[in-house]
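Structural features, examined
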Amino acid sequence: HHGTLRFASRAPRRVALVTRSILLNLLEAGPPGNTAIIRNAAETLLVSDDDAPRVATVVRSLIELPSQRDVAVQSAWLRVWLHADPGPAADWLESRRQGSPETFRALVGALGNLLDQDFDSRGRSPLVAAMDARALERWVRLLQQGDATPEEAIPRGAFSPGIWRRCLDALAMDATIE
C-alpha cells in the first residue's frame with residue numbers, strides 16, 4: 001500500500017525491516033503500478049544492505065520490464081541497484097549510453113537528484129562508504145559522462161558540488177586509484 005511504503009523508510013528500524021522484507025517478496029512477483037509507489041519502494045529497499053544479492057536480482061528484473069521504461073522509474077530502480085551491486089548496475093547504465101545517449105543523459109540527470117538525497121539521508125550510510133574505490137571511480141566517470149556536453153571538461157550541474165567533492169575525496173584516500 002502506498003501509504004505504508006511512504007513512511008517505511010522513516011519508520012523505526014524493526015518496522016522498516018519487516019516492511020522491506022514483505023516488499024521484496026511482493027516485488028519478486030512484479031512491479032508496483034505507479035511511479036510514486038516505485039519511488040517509495042526504492043526508499044524502503046535502501047533502509048538496509050541485507051540481502052544485497054537478492055535486492056540486485058529483483059531490481060535487475062524490474063528495470064528490464066517494458067512497463068518500467070520511464071526514466072523516473074528506471075532511475076529509482078537503478079539507484080537501488082547501484083547500492084546493492086554497483087558493477088552490474090554500471091554495466092547496465094553503460095549499455096544505455098551506447099544504445100541511446102539521450103536516455104543515458106536523462107537517467108544520469110534523474111539519478112543525480114536521487115544520489116544527492118542519499119548523501120543527506122538520515123540514518124543511511126552514504127553511497128561512497130559502501131562502495132569500493134574501483135566501483136566508485138567507475139560510477140564517477142559514468143555520471144560525469146552523462147552530465148557533460150562534449151565542450152565541457154567538468155560536470156554542468158545535475159549533481160551538487162557535494163557529491164563530486166565526497167566522491168573525489170573518497171577516491172583520493174585510496175592509493176590504488178590514479
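Presented here is a report on the structure given in the accompanying data block. What you see is a predicted model; the values in this text were computed from it and never measured.

On to the pattern of salt bridges. Per the counting criterion, the structure on display carries 4 salt bridges. For Glu 28, the salt bridge identified is with Arg 54, shortest N-O distance 2.9 Å. Here the residue Glu 28 occupies a position in helix 2 (residues 13–29), and Arg 54 occupies one in helix 4 (residues 52–63), the gap between them amounting to 26 residues. Classification of Arg 54 as partly exposed rests on a relative accessible area of 26%. Glu 64 is the salt-bridge partner of Arg 96, the closest N and O atoms lying 3.6 Å from each other. Taken together, the residues Arg 96 in helix 6 (residues 86–99) and Glu 64 in the loop between helix 4 and helix 5 (71–84) connect sequence positions 32 residues apart. Looking at Glu 64, the relative accessible area reads 29%, which means it is partly exposed.

Its 12 residues place the ends of helix 4 16 Å apart at the C-alpha level, agreeing with the 16 Å of an ideal helix rising 1.5 Å per residue. Buried within helix 4 are the following residues: Ala 52, Val 55, Ala 56, Val 58, Val 59, Leu 62 and Ile 63. The buried residues of helix 4 occupy an angular sector of 170 degrees when the element is viewed end-on, so they sit on one face. Of the exposed residues in helix 4, those oriented more than 90 degrees away from the buried face are Pro 53 and Thr 57. In the core, the buried residues of helix 4 are packed alongside helix 2, helix 3 (35–45), helix 5 and helix 6.

The next subject is the packing of aromatic side chains. Using the criterion set out here, one finds 1 aromatic pair in the structure. With centroids separated by 6.2 Å and ring planes inclined at 55 degrees, the aromatic side chains of Trp 81 and Trp 92 adopt a geometry described as tilted. Remark: Trp 92 occurs in helix 6 and Trp 81 occurs in helix 5; sequence separation between them is 11 residues. Accessibility expressed as a relative area gives 2% for Trp 81, which makes it buried.

The rules behind these values
- Residues numbered from 1 in each chain as written.
- Predicted model: local features only at pLDDT ≥ 70, side-chain atom pairs only at ≥ 80, totals over all residues.
- Heavy atoms only, no water.
- Salt bridge = Lys/Arg side-chain N within 4 Å of Asp/Glu carboxyl O.
- Helix = DSSP H or I, 4+ residues; strand = E, 2+ residues; numbered from the N terminus.
- Buried < 20%, exposed > 50% of the residue type's maximum accessible area, 1.4 Å probe, protein only.
- Expected span 1.5 Å × (residues − 1).
- Arc of directions from axis to C-beta.
- Contact = heavy atoms within 4.5 Å.
- Phe/Tyr/Trp six-rings, centres within 6.5 Å; stacked < 30°, edge-to-face > 60°.

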